[in-house]
Amino acid sequence: MLPINMRCPYVYCHPLKMHVTLRQLQVFESVARNLSYTQAAQELHLSQPAVSMQIKQLEENVGLDLFERLGKQIFLTEAGREMHHYSRNIAQQLTEAGEVIEQLKGIKRGRLVIAVAGTANYFAPRLLAVFSRQFEGVTVSLDVTNRAGLLQHLEDNDSDMVIMGMPPKNMELDAAAFMDNPLVIIAPRDHELAEADNIPLSRLQQETFVVREQGSGTRIAMERFFTENGISITTGMEMSSNEAIKQAVEAGLGLGIVSLHTLELELETQRLTVLNAESFPILRRWYVVHRQGKRLSPVALAFKQFMLAEASMLLHQNTPA
């Protein structure tokens, strides 16, 4: 018997070639992302039969089913999941290629996809407004999410970059600090500690704290700080947003720990006060983060440079003292 590589050079010596068009990949990516032929058709401004035809032709070229239907829902097959991974990468590379060409003409237009922590949303729109005035042809997509959502964006590599607190150490990331993020203790204006100076940490053990949910960057920093200082605090209610914490503190349900950047309105209107506690504020930093080795588009690179050069200066004048 002949060795495998001598039996049929046309079959065994050449890798399988799929005659796939970019249009088929574009349609497939939309269907895979939406898990709906109808939504993909609406998104791409095509008829549903046209979408179905493109998927059918792609499956014939691949030689495997990419979707399976269970009842009224469609799901990706194993082959479909693999194809979705590559189709997303191809779409991203095509976008990058287009934006590189635009860079040769100057940054006049493009799309910026940003995800920010909920706390960062108190200042991110202000910075994006300034950036947008400098680059008027740029459109911005902003997702405001929690830490878990930010980590998922980094894992999926589906955003240009994220704005977050301490980046995780178990991922290969490029993280650049652009501004301090002090965490402070807040209390109602009439709280008995409101006028006290240098409150001992031990005194805080007599108070109840309203805290962020498990996994929140603020919660992680708070727990690490008290553990390192040998302090055990009482936690009452858990809240999923800074707004909820501030309202709970104002209502007298306990003390809270939030970023100073979230308090501009409350301090101006004197609805809340920042306690003068020993070893506070907890000093953290804000970071611009993206996957290590990621090729930033011209627009994304311009935004990163803008954040590192101008963000702290632009926000300093609006940060409460």
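Residues numbered from 1 in each chain as written. Predicted model: local features only at pLDDT ≥ 70, side-chain atom pairs only at ≥ 80, totals over all residues. Heavy atoms only, no water.

(A) Broad picture of the overall build of the protein chain. The helix and strand tally for the protein chain stands at twelve helices and eleven strands. With 321 residues in all, the protein chain has 44% of them scored as buried. Carbon and sulfur atoms form 50% of the exposed surface of the protein chain, whose accessible area is close to 17800 Å². (Helix = DSSP H or I, 4+ residues; strand = E, 2+ residues; numbered from the N terminus. Buried < 20%, exposed > 50% of the residue type's maximum accessible area, 1.4 Å probe, protein only. Areas by Shrake-Rupley, 256 points an atom, 1.4 Å probe, with all protein chains shown as cover.)

(B) Quick peek at the packing of helix H4 (residues 37–44) against helix H5 (residues 48–62). Contact pair H4 / H5: the axes reach a minimum separation of 9 Å and the direction vectors enclose 105°. Between H4 and H5, the interaxial angle falls into the category roughly perpendicular. Of the residues in H5, those in contact with Tyr37, Thr38 and Ala41 of H4 are Gln48, Val51, Ser52 and Ile55. Grouping the constituent residues of the contact of H4 with H5 by class yields four nonpolar, three polar and no charged. (Axes fitted to C-alpha atoms, helices over the stretch in contact; angles between N-to-C directions. Parallel < 35°, antiparallel > 145°, perpendicular 65-115°, else oblique. Contact = heavy atoms within 4.5 Å. Nonpolar A, V, L, I, M, F, W, Y, C, P; charged D, E, K, R; others polar.)

(C) Summary view of the pattern of salt bridges. Throughout the structure, instances matching the rule amount to 13 salt bridges. Notably, a salt bridge pairs lysine 304 with aspartate 174, separated by 3.3 Å at the nearest N-O pair. Of the two residues, lysine 304 sits in helix H12 (residues 298–316) while aspartate 174 sits in strand E6 (residues 173–188), which places them 130 residues apart along the sequence. Note that glutamate 250 and arginine 271 form a salt bridge whose closest N and O atoms lie 3.3 Å from each other. Pair noted here: glutamate 250 is in helix H10 (residues 242–250) and arginine 271 is in the loop between helix H11 (264–268) and strand E10 (272–274), with a separation of 21 residues, a long-range link. Taking relative accessible area as the criterion, glutamate 250 reaches 36% and is therefore assigned partly exposed. Residue classification places arginine 271 among the partly exposed residues on the basis of a relative accessible area of 32%. (Salt bridge = Lys/Arg side-chain N within 4 Å of Asp/Glu carboxyl O.)

(D) Molecular detail of the layout of surface pockets. Computed from the structure, the largest pocket encloses a volume of approximately 1100 Å³. Arg88, Ala91, Gln92, Thr95 and Arg111 are, among the 35 residues lining the largest pocket, the residues nearest its centre. Of all the secondary-structure elements, those providing two or more residues to the lining of the largest pocket are helix H3 (22–34), H4, helix H6 (78–105), strand E3 (110–117), strand E4 (138–145) and helix H8 (147–156). Per-element accounting of the lining of the largest pocket gives the leading share, twelve residues, to H6. Partitioning the lining of the largest pocket into residue classes produces nine nonpolar, 13 polar and 13 charged. There is about 250 Å³ of room inside the second largest pocket. Along the walls of the second largest pocket sit 13 residues, with Met166, Ala221, Arg224, Leu283 and Arg284 positioned nearest its centre. (1 Å grid on protein atoms, 1.4 Å probe; cavity = no way out; pocket = protein on both sides within 12 Å on 5 of 7 lines; lining within 4 Å. Points joined across faces, edges and corners; volume = space filled by probe spheres on them.)

(E) The side chain of threonine 262, seen in detail. Tracing the sequence through the fold places threonine 262 in the loop between strand E9 (255–259) and H11. In terms of polar contacts, threonine 262 uses its side chain to reach the backbone carbonyl oxygen of serine 259, at 2.8 Å. Ignoring any residue separated from it by four or fewer positions in sequence, one finds threonine 262 in contact with Thr119, Tyr122, Asn242 and Lys246. (Polar contact = N/O pair within 3.5 Å; in protein donor to acceptor, adjacent residues only side chain to side chain.)

(F) Examining the environment of glycine 217 more closely. As for its position among the elements, glycine 217 is in helix H9 (residues 217–228). Taking the C-alpha atoms as reference points, glycine 217 and threonine 119, 98 residues apart in sequence, are found 9.6 Å from one another. Contacts of glycine 217, omitting those with residues within four sequence positions, involve Arg147 and Arg284.

(G) Broad picture of H4. Those residues of H4 that fall on the buried side of the exposure criterion are Tyr37, Ala40, Ala41 and Leu44. Buried residues of H4 fall within an arc of 100° about the axis and therefore sit on the same side. Capping the start of H4, serine 36 holds a side-chain oxygen 3.3 Å from the backbone nitrogen of threonine 38, two or three residues further along. Taken from the residues just after H4, histidine 45 is the one with a positive phi, measuring 60°. (Arc of directions from axis to C-beta.)

(H) Here's a closer look at the packing of aromatic side chains. Scanning the entire structure with this criterion turns up twelve aromatic pairs. Ring geometry for phenylalanine 123 and phenylalanine 178: centres 6.4 Å apart, planes at 70°, overall edge-to-face. Linking phenylalanine 123 in the loop between E3 and helix H7 (124–134) with phenylalanine 178 in strand E6, this pair joins segments that are 55 residues apart in sequence. Pair check on accessibility: phenylalanine 123 and phenylalanine 178 agree, each one buried. A ring pair is formed by phenylalanine 209 and phenylalanine 226, whose centres lie 6.0 Å apart and whose planes are at 65°; its orientation type is edge-to-face. Pair noted here: phenylalanine 209 is in strand E7 (residues 208–212) and phenylalanine 226 is in helix H9, with a separation of 17 residues, a long-range link. (Phe/Tyr/Trp six-rings, centres within 6.5 Å; stacked < 30°, edge-to-face > 60°.)

(I) Expanded view of a nonpolar patch on the surface. A contiguous nonpolar patch, built from Leu22, Tyr86, Ile90 and Leu94 and spanning about 390 Å² of accessible area, is present on the exposed surface. Of all the elements, H6 adds the most residues to the nonpolar patch, at three residues. Of note, tyrosine 86 is situated in helix H6. (Patch = residues over 30% accessible without salt bridge, like charges linked within 9 Å, V, L, I, M, F, W, Y side chains within 5 Å.)

(J) Representation of H9 in the model. The end-to-end C-alpha distance of H9 is 17 Å, a good match for the 16 Å that twelve residues give at a rise of 1.5 Å each. Next to the buried residues of H9 lie H8, E6, E7, strand E8 (234–239), E9 and strand E11 (282–291). Between the side-chain oxygen at the start of H9 and the backbone nitrogen of threonine 218 there is a gap of 3.2 Å, and the oxygen is on serine 216. Where H9 terminates, the next one or two residues include glycine 230, which has phi positive at roughly 65°. (Expected span 1.5 Å × (residues − 1).)

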